[in-house]
Amino acid sequence: MSDITAGSAIREPYRPGQSGGHGLFSATGHGQGGPASKFVTVAYGFWIFLLSDIIMFSAFFAAFAVLSKATAGGPTGKELFELTRVAAQTGLLLTSSFTGGLATLATHRRSMAATQFWLLVTGLLGAAFLFLEVQEFAAMANEQAGPSRSAFLSAFFALVGCHGTHVGLGLLWLGTMMAQLWVKGFRPELLRRLHCFGLFWHALDIIWIAIFTLVYLLGASP
């Protein structure tokens, strides 16, 4: 009976409150200084993905900068943008990044309840951000200021909509990870995905700050 119990503990080393076995950052090669761990290689590859994503957003920013005055007699940013709503969106997204960091700290303590709680808060804040963005798009469409109205609005919807799509996909990713963590525990592959999600979410913050400054603040200025 004792052997069965011991065997079960070995087969499930990643459950909350149990040791995760080998550290995530330990080298996996032969001898000292061997090949980098999978955690490092996955994070490196994900950084390359993020850089490619930032290059794509740079193209959207460049297009918006060129077309920001091409309103074709339609409404301008100053007439359309509600800075109060945008400030609320900014607060929600920045706070969600902070709670995402708290979730990461909880995973280091192997606290499943705290990890799930902070991930849930992160998801709710992100969903609230997305709700306000959809609400803004709907209000603009009702004012006949959709993406087909002018080149300025086409560039605006492409840039802000692309960021909103990233947030939506991030929420789907977050929900999937929460379910996997709950079922499988703190397995190394899930911790790697959680680390990549943190990088992704922080990158969305940086992009949003650029959108907030260059699109909304400058667009609403006289």
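In what follows, the structure referred to is the one given above.
Residues numbered from 1 in each chain as written. Predicted model: local features only at pLDDT ≥ 70, side-chain atom pairs only at ≥ 80, totals over all residues. Heavy atoms only, no water.

Draft legend 1. A look at helix α6 (residues 151-184). Taking 1.5 Å of rise per residue, the 34 residues of α6 would be expected to cover 50 Å, and the 49 Å separating its terminal C-alpha atoms lies within 8% of that figure. Among the residues trailing α6, G185 stands out with phi positive, at a value near 85°. (Helix = DSSP H or I, 4+ residues; strand = E, 2+ residues; numbered from the N terminus. Expected span 1.5 Å × (residues − 1).)

Draft legend 2. Looking closely at the pattern of salt bridges. According to the stated counting rule, one finds one salt bridge in the structure shown. A salt bridge links R85 to E82; its shortest N-O distance comes to 3.2 Å. Residue class for E82 comes out partly exposed when judged on its relative accessible area of 43%. (Salt bridge = Lys/Arg side-chain N within 4 Å of Asp/Glu carboxyl O. Buried < 20%, exposed > 50% of the residue type's maximum accessible area, 1.4 Å probe, protein only.)

Draft legend 3. Region of the structure containing the nonpolar core. Counting 47 residues, the largest nonpolar core has F156, W201, W208, I211, V215 and Y216 as the members making the most contacts within it. Of all the secondary structure elements, the ones that give two or more residues to this core are α2 (38-67), α4 (83-108), α5 (112-142), α6 and α7 (188-220). Of the residues forming this core, the biggest block, 16 residues, is contributed by α7. Setting aside its immediate chain neighbours within four residues, I211 contacts F61, L159, V160, H163 and Y216. (Core = buried A, V, L, I, M, F, W, Y, C linked by side-chain atoms within 4.5 Å. Contact = heavy atoms within 4.5 Å.)

Draft legend 4. Spotlight on the packing of aromatic side chains. Taken as a whole, this structure holds 16 aromatic pairs when the rule is applied. A centroid spacing of 4.8 Å and a plane angle of 50° characterise the contact between F137 and F157, whose relative ring orientation is tilted. Here F157 lies in helix α6 and F137 lies in helix α5, a separation of 20 residues in the sequence. Accessibility classification places F137 together with F157 in one group, the buried group. Ring pairing ties together the aromatic residues F64, F81, F129, F137, F152, F156, F157, W208 and Y216, which thus form one cluster. (Phe/Tyr/Trp six-rings, centres within 6.5 Å; stacked < 30°, edge-to-face > 60°.)

Draft legend 5. Representation of the layout of surface pockets in the model. Roughly 310 Å³ of volume is contained in the largest pocket. Taken together, 21 residues form the lining of the largest pocket, with T104, T107, H108, L194 and H195 sitting closest to its centre. Of all the secondary-structure elements, those providing two or more residues to the lining of the largest pocket are α4 and α7. Broken down by class, the residue content of the lining of the largest pocket amounts to ten nonpolar, ten polar and one charged. Of the pockets and cavities examined, the second largest pocket occupies roughly 240 Å³. (1 Å grid on protein atoms, 1.4 Å probe; cavity = no way out; pocket = protein on both sides within 12 Å on 5 of 7 lines; lining within 4 Å. Points joined across faces, edges and corners; volume = space filled by probe spheres on them. Nonpolar A, V, L, I, M, F, W, Y, C, P; charged D, E, K, R; others polar.)

Draft legend 6. The arrangement of the side chain of Q89 in detail. With respect to the element layout, Q89 can be found in helix α4. With residues near it in sequence (within four places) discarded, Q89 still touches F129, L132, E133, E136 and W208.

Draft legend 7. Up close: empty space enclosed by the protein. Applying the stated criterion across every chain yields a total of one cavity of 30 Å³ or more. Space inside the largest cavity adds up to approximately 50 Å³. Lining the largest cavity, in full, are L80, F81, E82, R85, E136, A139, M140 and E143. Ranked by residues supplied to the lining of the largest cavity, first place goes to α5 with three residues. Taken together, the residues that form the lining of the largest cavity break down as four nonpolar, no polar and four charged.

Draft legend 8. Region of the structure containing unusual backbone geometry. Positioned with a positive phi, A72 is a non-glycine residue whose angle comes to about 55°. Summarising the element assignment, A72 is placed in the loop between α2 and α3 (77-80). Given the relative accessible area of 60%, A72 is considered exposed. Residues other than glycine seldom take positive phi values, yet R110 does so here, at roughly 55°. A residue is classified by how much of its surface remains accessible, and R110, at 23% relative accessible area, is partly exposed.

Draft legend 9. Representation of the environment of S111. Secondary-structure assignment places S111 in the loop between α4 and α5. Sequence-wise, S111 and F186 are 75 residues apart; in three dimensions their C-alpha atoms are separated by 9.3 Å. Residues in contact with S111, not counting those within four places in the same chain, are A106 and F186.

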